[in-house]
Amino acid sequence: MPTAWPPADADHVLVSGAAMATIEEELFASGLPVEALMEKAALAVSRRLAERPGRDRQDGLLVLVGPGHNGGDGLVVAREWHLAGGRVRIWCPFERRRPLTEAHLRHARWLGIPLLEAPPDPEDPALWVDALFGIGQHRPAGPLIEALLEERQRRRPGALVAIDVPTGLDADDGVLLGGVAATAATTYTIGLIKRGLVQDAALRWVGRLERIDLGLPAALLVQPGGEPLLGLGPADPSSAPWPVPDPAAGKYARGRLLVVAGSRRFRGAAHLALAGATASGCGSLRAALPQEITPHLWQIHPHVVLEPGLGATPAGGLALADLGEGWLDRLDAVLLGPGLGGIDPAGGPPAAAIDAQERQRWQDLADFEGLLVLDADGLNRLAALGSDWLRTRRGPTWITPHAEEFRRLFPDLAPLPRPDAAAAAARRSGASVLLKGARSVVAAPDGRRWQLLAACPEAARAGLGDVLAGYAAGRGALALAVIGQGGTPGADAVWLAAAALDHALAGVRSHRRHGAGGVTPLAVAKALENPEPLE
């Protein structure tokens with residue numbers, strides 16, 4: 001079974017601020033001078049700044065210098081910009097500085113670089129370089145700096161870049177340390193990507209994220225205390241560890257999937273889930289759908305084999321009790337959930353609203369040895385049963401909650417940072433967890449974790465989750481059919497992570513082709529059918 005994707009290298013390992021500080025201390029203990037590492041990092045940032053398009057050469061730089069080594073990085077950038085003939089000024093609002101930073105400031109003065117005595121004008125035309133705190137910040141920057149950064153973004157949006165971590169942002173969780181953070185057009189993160197920079201809460205402050213490579217020894221990337229959090233980006237789909245079908249395999253050896261989806265109110269969810277499943281390349285698709293849409297489905301999905309149409313619950317949801325005996329025969333995977341609707345007309349569903357016949361269908365699912373993918377209202381009905389039900393499953397399970405669905409299932413875990421919450425839920429439940437968001441997280445029960453580094457904001461719209469659920473279930477069915485189920489440990493979470501990445505990048509491609517309004521669920525499904533590498 002695949003376990004090591006992507007490689008745990010500098011392009012993929014996401015670290016906490018403390019982990020990065022430990023790596024740096026190990027380098028210093030080995031004999032590398034602090035000055036050498038600072039020069040290497042800051043010179044690389046200087047080169048990136050020199051490559052930026054626009055008016056930076058004409059308008060120059062204003063470097064905001066903090067008291068620690070992040071401030072030292074900024075002073076090296078100021079020095080290099082000055083020596084290259086560029087206009088640069090410095091503002092340092094702190095009286096006490098670390099010795100190395102103080103030495104660089106003394107040299108900057110000797111070079112004649114102007115040092116502002118008062119806070120800069122927020123309308124200053126120069127590009128501001130935020131080198132105030134980096135990973136060392138653990139408390140708010142203070143009213144003066146916060147007010148300055150907020151006014152800068154209001155008056156000159158896009159005219160600030162950050163070295164390592166924007167001021168005011170927690171490097172581990174991506175949350176604000178105070179009331180506001182620096183709003184960076186680009187954040188140049190040093191060495192390794194800090195995990196807080198890719199969390200949903202941080203995205204508006206981080207802007208474009210660029211990693212500054214330090215050539216760190218591979219041995220330093222092995223972190224104590226469990227599996228690393230690995231980032232997934234546009235270059236990774238080509239190496240995803242999908243099992244490859246035999247060229248002579250027939251349709252039943254290329255994945256057999258049953259989609260249970262839709263309801264009177266949410267009829268389109270079934271179509272979208274089937275579109276995603278079709279894009280997966282799964283060989284055999286069956287569907288158990290509301291009886292209202294089954295007569296017409298052949299016109300849209302003529303390749304789908306239909307089970308007898310299902311009735312409705314009192315609340316208008318899909319009646320799982322109507323599924324017939326043997327409904328799970330000869331399947332590799334089942335997708336349950338998109339658009340199922342509710343059970344209780346009062347808005348439940350409390351556990352009491354799930355009748356004996358539907359409970360029997362859930363017992364059938366518990367005994368099913370293939371892959372079960374639970375999404376949307378499938379998760380809401382599971383919440384009525386209790387998340388402990390997941391431990392009763394004989395086969396592998398993938399769950400794909402968004403934040404509120406996750407909260408219903410795991411209320412005590414929801415306040416944790418997203419990578420930690422997903423990992424804890426996977427360990428507790430035995431299911432692989434895709435915690436959806438702007439940068440979705442995938443966690444395996446054995447501790448492995450992945451986080452998307454790229455996605456399209458315009459893909460946050462109704463129906464995209466249905467496509468994702470269908471695509472993931474279809475890919476999982478195909479993978480399981482290839483490896484066979486006898487004696488295997490089940491559907492590996494790495495496949496769920498790869499499917500989530502495919503879906504996210506399909507949204508990016510749709511945006512590039514059709515614009516913001518063109519990132520529709522069906523456009524993303526079409527992009528999944530015809531994947532192209534992103535440049």
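Scoring rules and cut-offs
- Residues numbered from 1 in each chain as written.
- Predicted model: local features only at pLDDT ≥ 70, side-chain atom pairs only at ≥ 80, totals over all residues.
- Heavy atoms only, no water.
- Pairing = 2+ DSSP bridges.
- Helix = DSSP H or I, 4+ residues; strand = E, 2+ residues; numbered from the N terminus.
- Contact = heavy atoms within 4.5 Å.
- Axes fitted to C-alpha atoms, helices over the stretch in contact; angles between N-to-C directions.
- Salt bridge = Lys/Arg side-chain N within 4 Å of Asp/Glu carboxyl O.
- Buried < 20%, exposed > 50% of the residue type's maximum accessible area, 1.4 Å probe, protein only.
- UniProt positions renumbered as here; feature names shortened; annotations may be inferred.
- Polar contact = N/O pair within 3.5 Å; in protein donor to acceptor, adjacent residues only side chain to side chain.
- Parallel < 35°, antiparallel > 145°, perpendicular 65-115°, else oblique.
- Left-handed = near helix turned anticlockwise from the far one by under 90°.
- Nonpolar A, V, L, I, M, F, W, Y, C, P; charged D, E, K, R; others polar.
- Core = buried A, V, L, I, M, F, W, Y, C linked by side-chain atoms within 4.5 Å.
- Phe/Tyr/Trp six-rings, centres within 6.5 Å; stacked < 30°, edge-to-face > 60°.

Draft legend 1. Inspection of the sheet that holds strand β7 (residues 186-190) at higher detail. Reading across from one edge, β4-β3-β2-β5-β6-β7-β9 is the order of the 7 strands in this open sheet, with parallel pairing throughout. At either margin of the open sheet sits one strand with a lone partner, and together these are β4 (115-116) and β9 (208-212). On the sheet, helix α2 (residues 34-51) packs against β2 (61-65), β5 (127-131), β6 (160-163), β7 and β9 and is oriented at approximately 135° with respect to β9.

Draft legend 2. Region of the structure containing the pattern of salt bridges. Inspection of the entire model under this criterion finds 29 salt bridges. Here E307 and R286 are joined by a salt bridge, their closest N and O atoms 3.0 Å apart. Pair noted here: E307 is in the loop between β13 (305-306) and β14 (333-336) and R286 is in strand β12 (residues 284-288), with a separation of 21 residues, a long-range link. A salt bridge links E404 to R407, with the shortest nitrogen-to-oxygen separation between them at 3.7 Å. One end of the pair, E404, and the other, R407, are both in helix α11 (residues 403-409), 3 residues apart, so they sit about a helical turn from each other. Look at E404 and you get partly exposed, because its relative accessible area is 40%. Taking relative accessible area as the criterion, R407 reaches 39% and is therefore assigned partly exposed.

Draft legend 3. Expanded view of the UniProt feature "binding site: K(+)" (unreviewed entry) in the protein. Residues given the UniProt feature "binding site: K(+)" (unreviewed entry) here are N70, D130 and T167. Spatially, the listed residues are clustered: although they cover 98 residues, their C-alpha atoms lie within 10.6 Å of one another. Residue N70 is classed as buried on the basis of its relative accessible area, which comes to 9%. Those residues in contact with N70, other than ones at most four positions away along the chain, are D130, A131, L132, F133, G134, I163 and D164. Here the side chain of N70 touches L132 through a polar contact of 3.2 Å, landing on its backbone nitrogen. Note that D130 resides in strand β5.

Draft legend 4. Structural context of unusual backbone geometry. W5 connects to P6 through a cis peptide bond whose omega is -15°. Inspection of the secondary structure puts P6 in the segment before β1 (13-15). Unusually for a residue other than glycine, R330 sits at a positive phi of about 55°. The residue R330 is located in the loop between β13 and β14 in this model. Backbone geometry at A376 places phi at a positive 50°, although glycine is not the residue there. Along the polypeptide, A376 turns up in the loop between β15 (371-374) and α10 (377-385).

Draft legend 5. Region of the structure containing the pairing of β15. Both faces of β15 are covered, namely the face carrying L371 and V373 and the face carrying L372 and L374. The pairing of β14 with β15 spans 4 bridges and is parallel. Note on β15: the bridge partner recorded for V334 is L372. Direction of pairing for β15 relative to strand β16 (residues 397-399): parallel, over a ladder of 3 bridges.

Draft legend 6. Examining the pairing of strand β11 (residues 256-260) more closely. When you tally the buried positions in β11, you get 4 out of 5 residues, the bulk of the element. Pairing of β11 with β14, which is carried by 4 bridges, proceeds in the parallel orientation. Bridging across to β14, L257 finds its partner in A333.

Draft legend 7. Focus on the packing of helix α13 (residues 464-483) against helix α15 (residues 521-529). Across the interface, α13 lies against α15 with an axial gap of 8 Å and an inter-helix angle of 30°. Put simply, α13 runs roughly parallel to α15. The chirality of how α13 crosses α15 is right-handed. From α13, L464, V467 and Y471 reach across to α15, where they touch P521, V524, A525 and L528. When its residues are assigned to classes, the contact of α13 with α15 shows 7 nonpolar, no polar and no charged.

Draft legend 8. Main features of the nonpolar core. Ranked by size, the top nonpolar core spans 116 residues in total, and within it W5, L49, L257 and W450 carry the most contacts. Looking at this core element by element, the count peaks at 13 residues for helix α14 (residues 493-514).

Draft legend 9. Structural view of the packing of aromatic side chains. Inspection of the entire model under this criterion finds 3 aromatic pairs. For the pair W362 and W389, a centre-to-centre distance of 5.1 Å together with 90° between the ring planes defines the contact as edge-to-face. Taken as a pair, W362 in helix α9 (residues 356-367) and W389 in the loop between α10 and β16 lie far apart in primary sequence, 27 residues in all. We note that W362, like W389, is buried. On the basis of an interplanar angle of 45° and a centroid distance of 5.1 Å, the ring pair of F406 and F410 is categorised as tilted.

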